[in-house]
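Observations on the model geometry
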Amino acid sequence: MSTKPYILLVEDNPDDVELTRRAFAKNHIANEVMVLNDGAQAVEFLSGAVREGRALPQVILLDLKLPKVSGLEVLEHIRADRATCLIPTVILTSSKQDEDLLAGYRLGVNSYVRKPVDFNEFVEAVRQVGLYWLVLNEAPPAAGTGGVMS
Amino acid sequence: MADGSVLRPDLSLVLERITDGFFALDAEWRFAYMNAEARKLLHAREDFLGVFWLDAFPKARGRLFEREYRRAMRDQRPVQFVEYSQTANRWFEVKAYPSPDGLSVYFRDVTARIEAQQEVERTARRQQALIDFGRAALSGGSYESLVTDAMELVRDVLDANVIELYEYVRPSGTFRVRQALGWERGSALDLADAPLEHVRRAIENGEPFVSSDVRIEARARSLAALAKVGILSCVCVPIGSVRDPLGALVAYHPKPRTVSAVDVRFVEALAQTLAESARALESNRRMAQVLESIRDAFVAVDRELRVTYVNARMASFWSESPLDMIGRPLAHFTDQFADDGISHRHFREALEGDRAVTFELNFTERWLEVRLYPFSDGVAAYVRDITRRKTEQQRIVALNLDLERRVAERTKQLELANKELESFSYSVSHDLRAPLRAIDGFSQALVEDYRERLDDQGRNYLERVRKAAQRMADLIDALLGLSKVARAHISMQPLDLSAIAADVAGDLRDGEPEREVEIEIEAGLEAHGESGLIHAVFANLMGNAWKFTRKSPHPLIRVGRLPSGEFFVADNGAGFDMAYSNKLFGAFQRLHAADEYEGTGIGLATVARIVHRHGGAIRADGAPGAGATFYFTLPGSRTEE
């Protein structure tokens, strides 16, 4: 099992996965990226990681509109579990309309990024997120994983 | 026999002294003796002795006197009788004792006793007559027959030969004969040279006018006229009071005679009863007139719910005639009055509770409103046909129910449609955008990663692909904005439109700082609205103006208000052809080529929708090359008178 800090990307659209990877690359973010294609998988993966003491992601990028279990439900799950509640989680939205919706979840989400149609803007947004959460921000003490990390 | 020696002298002395009359007739019916009392009572001649009795008293012939004396002689038994003597004008009680030699007759004057007796009988008769008359008056017979009865009673009891009933004619204060008995032709009215002063006097004084001999009367000249037609005494009794005279009852007699106070009182009593009945009839008639004049139905019943009065309208409900209904129980006409019927219950409630009761009743396809007013002897019911009001009411209730149902239905449909629209726009905003991101992102990737393998044209094509994707993203955003306006909740607040316009102007300048556009904004523009949406109105209209003045030598945008209260945003830009003005406010309608002036074609549609949702109106004015002006109204805009 890798203990290298990795990014969890929950995204069902392969094009967006590819574009996100490209945006990371363009911003020289070399972290491993784990991709899950729906909300149910994400919940299962995180629960399993906590249960089996596997490493948890350093940052979670969560698409809002996901099959089966929505991004907000996944967020709820993350915040409800003591082991995962402090993982920085960034919501990726497609639409401006979701901004209103997200206002109600501000407290639970660390950041959100609107996926613009213009790829250059997206690269810029990802750069800022990466800069903040992966570089400037220290990862929180591994509350739920401390025992297994060693 | 001729010397009167039939009786012994001592006996004759006795007979002369007795206070009874006494005479003796011989076997040949000739006077043999007559005492002093008899001579006085019978006004006998001095030389009566030996005269045949019927020659001396011819008036006795054929009367009871003759019949009884003959019977006594024939049977040789005494007789006794009372008879009126026309010779003496007195009543005599007679006892006659026969013998083969002749007849001894004792008699005495019983006039006073008989007359007293007759007076008693007459009084009894008068009283009985008054009682009968009063009863007739109460039984509700016609006034005509009552008047006739009264007149006949006066004639009989007073033994008068002419009776007249005068009627007072109210407006003129005159009077006329209503009915007369006994005249062979005409009436006293025709005879009077003075206008019946005696009648007028009785009516005006309110008391009887009695004349025992009109020839010696000085009180009324009209009486002299009566004398000429053989009327010598009269009794004239007023009917009604001085204050409220109704007429007079008059009895005439051909001989002078004193009318007894009892007789006058009798006539007065009749007049009193007549007056009461006339008043009762008059008040009934007035009441009936009132009740018939009202167009609503009216019925009065006694405590046993029998009809005591009913007007024509009420009777028509049952197709009956009012007269036929009187006296019959209401239950006879409708089941509603059966013991457990609704009407019966309410009538009982009114009667027993002694209070007004109102209820509604469905009766042979009509709706009736019944108001019950109890009075001492029964209940008065006042019935109005409220069928029209009721059916209107029912129609309104039905309409309202239907309307509510339809509104609820529509609301549900609308809510459903809104939900569908929401999920639709959610899908649109997410799912339409994702492919665009891929198109843009991978075009970019191609340009970046395969730059050396692409020539200029290839790179140019990829740039076009990216621009098209951008443009489609803008369209999607605009469309979503438009649908958001339709669903937005509008909370009206006072807004400073001048400040909003200034804010928009600042944004426009910030967006293109290199452009020089003059923007005039009138101060103090105020209206009511939802601030975000109104901001969008100005952003769109001023944005358009900004855009379409790009080619103007001196771009000018003016924001203000007309005296009518209409706001406007005017520019001196490209303008438009009024022929297409109807297309201005439709979604995706563009009047300019895309490469000339950019735009989604949604902006004005959004503006119009916002204005309409505020209850306002919008119109546009312009000409190609002469600029465009957009006018719109909003609630709370101040107008200048």
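Procedures and definitions
Residues numbered from 1 in each chain as written. Chains lettered and ligands numbered in written order. Predicted model: local features only at pLDDT ≥ 70, side-chain atom pairs only at ≥ 80, totals over all residues. Contact = placed C-beta atoms within 7 Å. Helix = DSSP H or I, 4+ residues; strand = E, 2+ residues; numbered from the N terminus. Buried ≥ 20, exposed ≤ 12 C-beta atoms within 10 Å, placed from the backbone. Core = buried A, V, L, I, M, F, W, Y, C linked by C-beta atoms within 7 Å. Expected span 1.5 Å × (residues − 1). Axes fitted to C-alpha atoms, helices over the stretch in contact; angles between N-to-C directions. Parallel < 35°, antiparallel > 145°, perpendicular 65-115°, else oblique. Nonpolar A, V, L, I, M, F, W, Y, C, P; charged D, E, K, R; others polar. Left-handed = near helix turned anticlockwise from the far one by under 90°. pLDDT = per-residue confidence, 0-100. Pairing = 2+ DSSP bridges.

1. Things to note about the interface of chain B and chain A
The interface of chain B with chain A comprises 17 residues on the first partner and 15 residues on the second. Elements represented by at least two residues in the side of chain B that touches chain A include exactly helix H14 (387–449) and helix H15 (456–487) of chain B. In terms of residue count, the dominant contributor to the side of chain B that touches chain A is H14 of chain B (12 residues).

2. Describing unusual backbone geometry
All names here are of chain B. Even without glycine at this site, Asn89 takes up a positive phi of about 55 degrees. Tracing the chain through its elements places Asn89 in the loop between strand S3 (79–85) and strand S4 (90–99). Unlike most non-glycine residues, Asp354 shows phi in positive territory, near 50 degrees. Considering the arrangement of structural elements, one finds Asp354 in the loop between helix H13 (342–353) and strand S13 (357–363). For Asp354, a count of 10 C-beta atoms within 10 Å gives the class exposed.

3. Here we look at the nonpolar core
The tendency in soluble globular proteins is for nonpolar side chains to be buried as a group. Residue and element names in this part refer to chain B. In terms of nonpolar packing, the biggest core is built from 45 residues, with Ala501, Val537, Phe538, Leu541, Met542 and Val607 touching the most fellow members. When residues in this core are grouped by element, the largest group, 10 residues, is from helix H17 (residues 531–548). Sequence-distant contacts of Val537, defined by excluding residues within four places in its chain, comprise Val607, Ile610 and Val611. Residues Ala160, Tyr166, Leu223 and Phe266 belong to the second largest nonpolar core, which totals 44 residues.

4. Quick notes on H17 of chain B
A rise of 1.5 Å per residue sets the reference length of H17 of chain B, with its 18 residues, at 26 Å; its end C-alpha atoms lie 25 Å apart and thus fit the reference within 8%. Taken as a whole, H17 of chain B has its buried residues at Ile534, Ala536, Val537, Phe538, Ala539, Asn540, Leu541, Met542, Asn544, Ala545, Trp546 and Phe548 of chain B.

5. What about the packing of helix H5 (residues 111–138) of chain B against helix H10 (residues 261–293) of chain B?
All names here are of chain B. Their axes nearest at 10 Å, the elements H5 and H10 cross at an angle of 5 degrees. Between H5 and H10, the interaxial angle falls into the category roughly parallel. Listed contacts from H10 to Thr123, Arg126, Leu130, Phe133, Gly134 and Ala137 of H5 are Val262, Phe266, Ala269, Leu270, Thr273 and Ser277. Split into classes, the residues belonging to the contact of H5 with H10 amount to seven nonpolar, four polar and one charged.

6. Topic: the packing of helix H16 (residues 497–511) of chain B against H17 of chain B
Residue and element names in this part refer to chain B. Relative orientation of the contacting elements H16 and H17 amounts to 45 degrees, with a least axis distance of 9 Å. The orientation of H16 with respect to H17, classified from their angle, is oblique. Two packed elements cross with a definite hand, and for H16 against H17 that hand is right-handed. Residue-level contacts link Ile500, Ala501, Val504, Ala505 and Leu508 of H16 to Ile534, His535, Phe538, Ala539, Met542, Gly543 and Trp546 of H17. Across the contact of H16 with H17, the residue classes break down as 10 nonpolar, two polar and no charged.

7. Here we look at the confidence of the model for chain A
Of all residues in chain A, 76% have pLDDT values of 70 or greater, and the mean over the chain is 78. Per-residue pLDDT stays below 50 along residues 142–150 of chain A; that stretch engages in 16 contacts with residues further than four places along the chain or on separate chains.

8. Some remarks on the pairing of strand S10 (residues 245–253) of chain B
Residues and elements named next belong to chain B. The buried fraction of S10 amounts to nine of the nine residues, a majority that puts the element mostly inside the structure. By the bridge criterion, six bridges tie strand S6 (residues 162–169) to S10 in an arrangement that is antiparallel. Considered in S10, the bridge of Tyr166 is made with Ala248. Pairing of strand S9 (residues 233–240) with S10 involves eight bridges; the strand directions are antiparallel. What sits directly across from Cys236, in S10, is Val250.

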